[in-house]
Amino acid sequence: MNFELSEEHKMIREAARAFAQELKPGVILRDEGAVFPFDFMPSMADLGFMGIMVPIQYGGAGMDTLAYVLVLEEIAKIDASTAVILSAHNSLVLWGLNEYGSEEQKLKYLIPLAKGKKLGAFALSEPEAGSDASSQHTTAEDKGDYYLLNGTKNWITNGGNADIYLVIAQTHSKLGHRGINVLIVEKGMEGFTIGPKENKLGIRSSDTHSLMFDDVKVPKENRIGPDGFGFKFAMKTLDGGRIGIAAQALGIAAGSYDLALAYSKERKTFGKSISNHQAIQFKLADMEVDIEAARLLTYKAAWTKDQGLPYGKEAAMAKLHASEVAMKHSVEAVQIHGGYGYVKEYHVERLMRDAKITQIYEGTSEIQRLIIARDILK
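The present account deals with the structure reproduced in this document. (Residues numbered from 1 in each chain as written. Predicted model: local features only at pLDDT ≥ 70, side-chain atom pairs only at ≥ 80, totals over all residues. Heavy atoms only, no water.)

Some words on the overall build of the protein
Phase 1 of the analysis: On a plain count of helices and strands, the protein comes out with 11 helices and nine strands.
Phase 2 of the analysis: For a compact globule of 378 residues, the expected C-alpha radius of gyration is about 21 Å, and the protein comes in at 21 Å, within 12% of that figure.
Phase 3 of the analysis: Expressed as lengths along the three principal axes of its C-alpha atoms, the size of the protein is roughly 80 × 45 × 40 Å.
Phase 4 of the analysis: Relative to its full complement of 378 residues, the protein shows a buried share of 55%.
Phase 5 of the analysis: Across the protein, contacts joining residues at least 24 apart in sequence account for 73% of those joining residues at least 6 apart. (Helix = DSSP H or I, 4+ residues; strand = E, 2+ residues; numbered from the N terminus. Rg over C-alpha atoms; globule rule 2.2 N^0.38 Å. Buried < 20%, exposed > 50% of the residue type's maximum accessible area, 1.4 Å probe, protein only. Contact = heavy atoms within 4.5 Å.)

Topic: the packing of aromatic side chains
Aromatic ring pairs are described here by two measures, namely the spacing of the ring centres and the angle between the planes.
Phase 1 of the analysis: Counted by the stated rule, this structure contains 12 aromatic pairs.
Phase 2 of the analysis: Aromatic pair Phe19 and Phe40: ring centres 6.2 Å apart, planes at 80°, arrangement edge-to-face. Remark: Phe40 occurs in the loop between α2 (27-33) and α3 (41-46) and Phe19 occurs in helix α1 (residues 7-23); sequence separation between them is 21 residues.
Phase 3 of the analysis: With centroids separated by 6.2 Å and ring planes inclined at 90°, the aromatic side chains of Tyr263 and Tyr346 adopt a geometry described as edge-to-face. A residue pair is termed long-range when its members are at least 10 positions apart, and Tyr263 in helix α7 (residues 230-266) and Tyr346 in the loop between α9 (312-337) and α10 (348-357) qualify at 83 residues.
Phase 4 of the analysis: Assessed through its relative accessible area of 8%, Tyr263 is described here as buried.
Phase 5 of the analysis: What makes Tyr346 partly exposed here is its relative accessible area of 26%.
Phase 6 of the analysis: A connected cluster of aromatic rings, assembled from ring pairs, spans Trp95, Tyr100, Phe229 and Phe233.
Phase 7 of the analysis: Directly above the ring of Tyr146 sits Lys217, whose terminal nitrogen or CZ lies 5.2 Å from the centroid. (Phe/Tyr/Trp six-rings, centres within 6.5 Å; stacked < 30°, edge-to-face > 60°. Lys NZ or Arg CZ within 6 Å of the ring centre and 35° of its normal.)

Let's talk about the pattern of salt bridges
Phase 1 of the analysis: On inspection of all chains with the given rule, the structure shows 20 salt bridges.
Phase 2 of the analysis: Among the salt bridges present, the one from Arg295 reaches Glu73, with a minimum N-O distance of 2.8 Å. With Arg295 in helix α8 (residues 278-306) and Glu73 in helix α4 (residues 65-78), this residue pair connects regions lying 222 residues apart in the sequence.
Phase 3 of the analysis: Taking the relative accessible area as the measure of exposure, Glu73 reaches 2% and is therefore buried.
Phase 4 of the analysis: In this structure, the salt-bridge partner of Glu324 is Arg369, at a minimum N-O distance of 2.9 Å. Here the residue Glu324 occupies a position in helix α9, and Arg369 occupies one in helix α11 (residues 365-377), the gap between them amounting to 45 residues.
Phase 5 of the analysis: On the basis of relative accessible area, Glu324 is assigned to the partly exposed category, the value being 27%. (Salt bridge = Lys/Arg side-chain N within 4 Å of Asp/Glu carboxyl O.)

Overview of α11
Phase 1 of the analysis: Here α11 spans 18 Å end to end across 13 residues, near enough to the 18 Å set by a 1.5 Å rise per residue.
Phase 2 of the analysis: The set of residues buried in α11 consists of Ser365, Gln368 and Ile372. For α11, the arc enclosing every buried residue in end-on projection is 60°, short of the 170-degree limit, so these residues lie on one face. In this structure, α11 carries Glu366, Arg374 and Leu377 as exposed residues pointing more than 90 degrees from its buried face. (Expected span 1.5 Å × (residues − 1). Arc of directions from axis to C-beta.)

Details of a nonpolar patch on the surface
Phase 1 of the analysis: On the surface, Met1, Phe3 and Leu296 cluster together to form a nonpolar patch covering roughly 440 Å² of accessible area.
Phase 2 of the analysis: Positionally, Leu296 belongs in helix α8. (Patch = residues over 30% accessible without salt bridge, like charges linked within 9 Å, V, L, I, M, F, W, Y side chains within 5 Å. Areas by Shrake-Rupley, 256 points an atom, 1.4 Å probe, with all protein chains shown as cover.)

Structural notes on the environment of Phe192
Phase 1 of the analysis: Note that Phe192 resides in strand β6 (residues 192-197).
Phase 2 of the analysis: Taking the C-alpha atoms as reference points, Phe192 and Gly116, separated by 76 residues in sequence, lie 23 Å from one another.
Phase 3 of the analysis: Among residues more than four places away in sequence, those in contact with Phe192 are Tyr165, Val185, Glu186, Lys187, Leu211, Met212, Phe213 and Val216.

Thoughts on the pairing of strand β5 (residues 180-186)
Phase 1 of the analysis: Among the seven residues of β5, six are classified as buried, and the element is accordingly described as predominantly covered.
Phase 2 of the analysis: With seven bridges connecting them, strand β4 (residues 164-170) and β5 associate as antiparallel partners. Looking at β5, one finds that Ile168 is bridged to Val182. (Pairing = 2+ DSSP bridges.)

Structural data, given as structure tokens:
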């Protein structure tokens, strides 16, 4: 069993680490103003981050899930908002298009998305459905050569700035989850409107919106997969999405630890650095252990997916543990900083706010436990 990263993986990690440092100078202002990182999108495209898992022939970097996880981890250490923008785009949109889209759909939509010329969003959650893909109130009525789309989606990451949306909707209500479809919707289609941006606690420079569909005509060729494939598509996509969330949470936890460790060596009380106090040493040791465990779970989930093996349980385990570690130890990082931890310029209060959402989206911690339990009990 080899735990050493390949040279290619080390190179992509270093590229992401260097890019993250470019994000750092303006991260506090973007957070305060809820400003989308438009200026950095071309750089992410040039580095291949916008289509990192997409094959080269469709405009991507042709790399694996582990490379993707390494990129998200490094970026989330500095700016979790940018990490979640990348995660939703790659995990929830590009992966599904590449895996299940037709050749025509790949040529029309996947290539510009993978090259970073367009941004994607995944529209599953609804006011009454959350991440329950089987309870869709948004409808896609079959009209022969097109679908008539009606309904509302909420909590959509990249909702305001995306160009391409994958929308989950019910076509055959009597069939339940077997009657659900996934449709490719373009911004600007008549009847498609975007609600106001949500004013969030954390990940503030990523945009989150509600989407409204009022008799939107979606061509039949924009359906991904056969009729009724939408539920399976959503489930497969969410499994991969959980690996992305685990990587974000891991990055937030690791970023919090890095700041806490550095501060503990600089801050002096009673004539010595606080890192010499046993109480602080215990905190740092616990952070190191928990974060390394989260890293191993996350990397293993990515590796399992890359081997073509079932990875639903592994993704849920990684997401569950990494998100709880991110929340626990971002709080500890604030505690180690003392009063300075409550001040924005020290970054840890932002990481603490960013951490909480990792326990909520792509399914709460309770949902992850259900997924794990069902797998081990089946």
